[in-house]
Amino acid sequence: QVQLVESGGGLVQPGGSLRLSCGASRTIFSINAMGWSRQTPGKQRELVARITNGGSTMYAASVKGRFTISRDNAKNTVYLQMNSLKPEDTAVYYCNADHGGTRDWGQGTQVTVSS
């Protein structure tokens, strides 16, 4: 099991930027893939971005071109840079780690985009 701790959420105006961080309890070098998902009340959790241990990335259509996922293996940390934020990006954002057929989740961090 991998413990994940997200940080960096908060309140931002439309058009603004935030960078989320996800710290892992152990090395992420051998973790198959890590990602960020988000959830709003009454809706299913949706995958926003994913990065493999080889560095391949994928993004949901709704964030492509605005969000960038990256990983720093030396710091056991994954980041989500979010630019040009929109009110519809408001959600709780969760980090996840996929390894050995298991997916571990962090506790989430709230992102609110509002003027």
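Heads up: these notes are all about the structure in this document.

What counts, and at which threshold
Residues numbered from 1 in each chain as written. Predicted model: local features only at pLDDT ≥ 70, side-chain atom pairs only at ≥ 80, totals over all residues. Heavy atoms only, no water. Phe/Tyr/Trp six-rings, centres within 6.5 Å; stacked < 30°, edge-to-face > 60°. Helix = DSSP H or I, 4+ residues; strand = E, 2+ residues; numbered from the N terminus. Buried < 20%, exposed > 50% of the residue type's maximum accessible area, 1.4 Å probe, protein only. Lys NZ or Arg CZ within 6 Å of the ring centre and 35° of its normal. Core = buried A, V, L, I, M, F, W, Y, C linked by side-chain atoms within 4.5 Å. Contact = heavy atoms within 4.5 Å. Polar contact = N/O pair within 3.5 Å; in protein donor to acceptor, adjacent residues only side chain to side chain. Pairing = 2+ DSSP bridges. Axes fitted to C-alpha atoms, helices over the stretch in contact; angles between N-to-C directions.

Let us look at the packing of aromatic side chains. Scanning all chains against the criterion turns up one aromatic pair. Look at Tyr94 and Trp105: their rings are 6.4 Å apart centre to centre, the planes differ by 90 degrees, and that puts the pair in the edge-to-face class. In this pair, Tyr94 is assigned in strand β9 (residues 91-99) and Trp105 in strand β10 (residues 102-105), connecting sequence segments eleven residues apart. Its relative accessible area of 14% is what places Tyr94 among the buried residues. Over the aromatic face of Tyr94 sits the side chain of Arg45, whose NZ or CZ is 3.7 Å from the ring centroid. Positioned over the ring face of Trp105 is Arg45, at 4.5 Å from the centre of the ring.

Counting residues in hydrophobic clusters, the biggest one holds 29 residues, and the most contacted among them are Met34, Trp36, Leu80, Met82 and Tyr93. At the level of elements, β3 (18-24), β4 (33-39), β5 (46-52), β7 (67-72), β8 (77-82), β9 and β11 (109-113) are the ones that each hand at least two residues to this core. Aside from chain neighbours lying at most four places away, what touches Met82 is Gly16, Ser17, Leu18, Leu20, Arg66, Phe67, Tyr93 and Val111.

With that out of the way, let us pick up the side chain of Glu6. Along the polypeptide, Glu6 turns up in strand β1 (residues 4-7). Among the polar contacts listed, one links the side chain of Glu6 to the backbone nitrogen of Cys95, at a separation of 2.8 Å. A polar contact of 3.0 Å, which involves the side chain of Glu6, links it to the backbone nitrogen of Gln107. Apart from the residues lying within four places of it in its own chain, the contact partners of Glu6 are Ser21, Cys22, Trp36, Tyr93, Tyr94, Cys95, Gly106, Gln107, Gly108 and Thr109.

What follows covers the environment of Phe29. Structurally, Phe29 is set in the loop between β3 and β4. Residues Phe29 and Ser70 lie 41 residues apart in sequence; the distance between their C-alpha atoms is 13 Å. Setting aside anything within four residues of it in sequence, one finds Phe29 in contact with Asn53, Arg71 and Asn73.

Right, let's get into the sheet that holds β7. Pairing is antiparallel across the open sheet formed by four strands, whose spatial order is β1-β3-β8-β7. Of all the strands in the sheet, the pair left with one neighbour each is β1 and β7. The average undirected angle you get between the axes of adjacent strands in this sheet is 15 degrees. Here β3 runs beside β8; their pairing, made up of six bridges, is antiparallel.

The next thing to look at is the side chain of Ser37. Along the chain, Ser37 falls in strand β4. With a relative accessible area of 3%, Ser37 lands in the buried category. For Ser37, the contacting residues outside a window of four places in its chain are Arg45, Glu46, Leu47, Val48, Val92, Tyr93, Tyr94, Asn96 and Trp105.

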